[in-house]
Structure formats: structure tokens, C-alpha cells
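Descriptive analysis of the structure
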Amino acid sequence: MSAHESFLLTPESILLTDRVAVVTGAAQGIGAACAVALARFGADVAVCDRNEPLLREVAGRIEALGRRCVVGVLDVRDGEQVRAHVDEVARVLGRVDILVNNAGGGFHANFMDVNDKGQDALVRENFTSVTHFVRACVPLMPARGGSIITMPSIEAHRAAPGFAVYAAMKTGLMSLLKSLALELGPRRIRANAIAMDHIPTPGIGDLPGARAPLDAAGTPDDVAAARVYLASDLARFVTGTTIHVDGGLLAASGWIRTGDDSYVTSGTSGGA
């Protein structure tokens, strides 16, 4: 990026007009919200998932916005399937400007109760799938650059009893995106992450949780909003970093909001 390159900030800087986005795990929840939001801001979108009926519904919503959509029914853990899907994206849409690595999931089990097969599934779904898509999509990103957005979740930043391997893979994604930010920076490809919590989404299940400091429930569109920002020119100088969409739960760091809106933490019995 030239030191003399100018950038004029306007309301249009958020738009993604005629850009091409690839969104994984897009059949429902946060992935579906993201795919539709990118289309609403002007992008053509390639979506993939294993759930074909729901994926087709999402594709219909994208096309109803006047945007093109490529549908891939595939397992993101399978490198050959990933490469075939991205080849189809290149054939139909010509390039990739935005890659959103949304697919992932886990199950609740103490570390000592996870067998080899379960661990392998967690590694492949939450980490290897991302490496597959990055290697497939980066060669299709134009000279003007691109945006890679990963989804490490808040578990990359704290202990996760019952989800130890899942959290370890999310932590691995944090390290990966920082390395990608440096390696791909000369090509103007940005690599960032969104760590979310307190957002209802399929794939993890219902978990008990503390009340967020913000007195409101998060929605998939809250996460989609952060993704639109990272995909747009508003974030043209942002790379190697993480946006937390969690209502303040990371900031709480063990402080728990009680029913009377005071806070308690481990080892204390009163509010703060």
C-alpha cells in the first residue's frame, strides 16, 4: 500500500457492491445471517453447508436481493470437496474478494472422555476446514486485495471446561490469522477474526451462561454487522486483530452480573 495513497471516507465505504464473498456453514444461524447481510450490502455470495434444504432457502434470499449465488453442498473438512466448490465459484463468479470461515462446531465432553475419532472431528471441523478454504481462495483474490474473516469465538481467549479441544482449535485460529496477516499483507489481503459469545447458534447446543454486561441479547445479525465492517473498505487498514461481539463478557473476565445488576466474582460474596 503506497504511503501516498489517499482514502476518502464516505457512507459508500461500507458497501460491497459487486464483490464476491464465500461463506462457509451458511445454512442457518450466524452463517445464514452473514451471507444474506453481505448480499444486502451488494456482494455476490457463494454459500456452502451439508444441510441442502436450508442452504437452498438462504440462496433464495440472496437471489431475491438481486445478487448471484453459488451453492455448494459439501463437507468443509474434506479438502477435495472444498477445492471443487471454490473452482465452481471461480467459474461462475470469477474471483473471491471475501472469505468468511464460519463453519465449526463442537460437543460437550470432558477432555478425558473425548476419543480419537471425536478429537479428529473437532480438529478438522474447527481448524483444518479453515486452512482448506484459505489455500483455495487466496489465489483467486485480486490485486486490490481481499478480506479473510475467521470465527474463533470467545473460547479462544479463556478456559473452556467441557470444550477443551474445541477451544484449543479456536486458539490455533487466532495464531493462524496473525501469521496470515503478515504473510498476506503485501498482497493487501487482510486477516481478522470475530470472537462471539451470548449469540444463539446451532452447532454448540444450549449452555448456561452469565448475563452479559450489556442488558440485551445478541443476535446473528450483530455478528453479521461486524463481518460486513471487516469485509468493507472501512476496515482497509485493519488486519491481524479480533472484534469481540459478546456484550462485554470478555471484559467481565469472571465477574458475573447478578439479578440486581451488581457483580460478583469467584471468592467474593458481595456485589461490586
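Up top is the structure.
Scope of this entry: the structure provided in the associated data block. (Residues numbered from 1 in each chain as written. Predicted model: local features only at pLDDT ≥ 70, side-chain atom pairs only at ≥ 80, totals over all residues. Heavy atoms only, no water.)

1. Section: the overall build of the protein
The test is simple: Each helix corresponds to a stretch of at least 4 residues labelled H or I by DSSP, and each strand to a stretch of at least 2 residues labelled E; elements are numbered beginning at the N terminus. Between the two quantities, the radius of gyration covers C-alpha atoms and the globule rule is 2.2 Å times the number of residues to the power 0.38. Exposure classes here rest on a 1.4 Å probe applied to the protein chains alone. A residue is buried below 20% of its type maximum, exposed above 50%, and partly exposed in between. Here, two residues are considered to be in contact whenever any of their heavy atoms come within 4.5 Å of each other. All accessible-area figures derive from a Shrake-Rupley calculation using a 1.4 Å probe, and residue coverage is judged against the displayed protein chains alone.
From N to C terminus, the protein includes seven helices and nine strands. Whereas a compact globule of 272 residues would reach a radius of gyration of roughly 19 Å, the protein reaches 19 Å, a difference of no more than 12%. In terms of principal-axis extent, the alpha carbons of the protein reach across some 60 × 45 × 35 Å. Evaluated residue by residue, the protein yields a buried proportion of 47% over its 272 residues. When contacts within the protein are restricted to residue pairs at least 6 apart in sequence, long-range pairs at least 24 apart make up 72% of them. Accessible area for the protein stands at about 13,200 Å²; split by element, carbon and sulfur atoms hold 54% of it.

2. What about the pairing of strand E3 (residues 69–73)?
To keep things clear, this is the line we draw: At least two DSSP bridges between two strands are required for those strands to pair. Handedness of a crossover is defined as follows: with both strands directed away from the viewer, a clockwise route from the first strand across the helix to the second makes it right-handed.
With five bridges connecting them, strand E2 (residues 44–49) and E3 associate as parallel partners. Along E3, the bridge assignment pairs Val45 with Cys69. Between the parallel pair E2 and E3, the chain is carried across by helix H2 (residues 52–64), and the sense of this crossover is right-handed.

3. Here's the deal with the environment of Val165
Within the fold, Val165 resides in helix H5 (residues 164–184). Given a relative accessible area of 7%, Val165 falls into the buried group. A C-alpha to C-alpha distance of 21 Å links Val165 and Thr24, two positions 141 residues apart in sequence. Contact partners of Val165, with chain neighbours within four places excluded, come to Phe111, Gln119, Leu122 and Val123.

4. A few points about the side chain of Asp75
Keep this limit in mind: What qualifies as a polar contact is a pair of N or O atoms within 3.5 Å, subject to a donor-acceptor requirement within protein and to the restriction that residues adjacent in sequence count only when both atoms come from side chains.
Note on placement: Asp75 falls in the loop between E3 and helix H3 (79–93). Among the residues examined, Asp75 registers a relative accessible area of 16% and is labelled buried. A polar contact is formed between the side chain of Asp75 and the backbone nitrogen of Arg77, at a distance of 2.9 Å. Non-local contacts of Asp75, meaning those with residues more than four positions away in its chain, are made with Arg50, Gln81 and Val82.

5. A few points about helix H6 (residues 220–231)
It helps to recall that an α-helix has 3.6 residues per turn; residues three or four apart then point in one direction. The criterion, for reference: Expected helix span is given by 1.5 Å per residue-to-residue step, counting one fewer step than there are residues.
For H6, with twelve residues, the first-to-last C-alpha span of 16 Å sits near the 16 Å given by 1.5 Å per residue. What H6 keeps buried is the set Pro220, Val223, Ala224, Ala226, Arg227, Val228, Leu230 and Ala231. Buried-residue contacts for H6 involve helix H1 (29–40), strand E4 (98–101), strand E5 (146–150), strand E6 (189–196) and strand E7 (242–245).

6. Examining the sheet that holds E5
Inclusion rule: Every axis in this analysis is a line fitted to C-alpha atoms, fitted for helices over the stretch in contact. Angles between the N-to-C directions lie between 0 and 180 degrees.
If you trace the seven strands from one edge of the open sheet to the other, you get E3-E2-E1-E4-E5-E6-E7, paired in parallel fashion. Every interior strand has two partners, whereas the edge strands, E3 and E7, have only one. When the angles between neighbouring strand axes are averaged without regard to direction, this sheet yields 15°. In terms of strand pairing, E5 meets E6 through five bridges, oriented parallel. Note that in E6 the partner of Ser147 across the bridge is Arg190. Along the sheet face, H2 touches E2 and E3 and points at about 175° away from the line of E3. The strands touched by helix H4 (residues 116–137) are strand E1 (20–24), E2, E4 and E5; relative to E4, the strand with the most contacts, the crossing angle is about 175°.

7. Section: the environment of Asp197
Relative to the helices and strands, Asp197 is located in the loop between E6 and H6. When its relative accessible area of 17% is taken as the criterion, Asp197 is described as buried. Sequence separation between Asp197 and Phe41 is 156 residues; the distance between their C-alpha atoms is 25 Å. Not counting the four nearest positions on each side in its chain, Asp197 is found in contact with Ile154, Arg158, Val245, Asp246 and Leu249.

8. Side note on the nonpolar core
Short version of the rule: Put simply, a nonpolar core is a bunch of buried Ala, Val, Leu, Ile, Met, Phe, Trp, Tyr and Cys residues held in one set by side-chain atoms that sit within 4.5 Å of each other.
Membership of the largest hydrophobic core comes to 37 residues, with the highest contact counts inside it found for Leu38, Val45 and Ile62. For this core, the secondary structure elements donating two or more residues are E1, H1, E2, H2, E4, E6 and H6. Among the elements that line this core, the one with the most residues is H1, at nine residues. With sequence-adjacent residues up to four places away left out, Val45 is seen in contact with Ala21, Val23, Ala35, Leu38, Ala39, Ile62, Arg68, Cys69 and Val70. By size, the runner-up hydrophobic cluster in this structure holds 32 residues, among which are Leu74, Val134, Met174 and Leu177.

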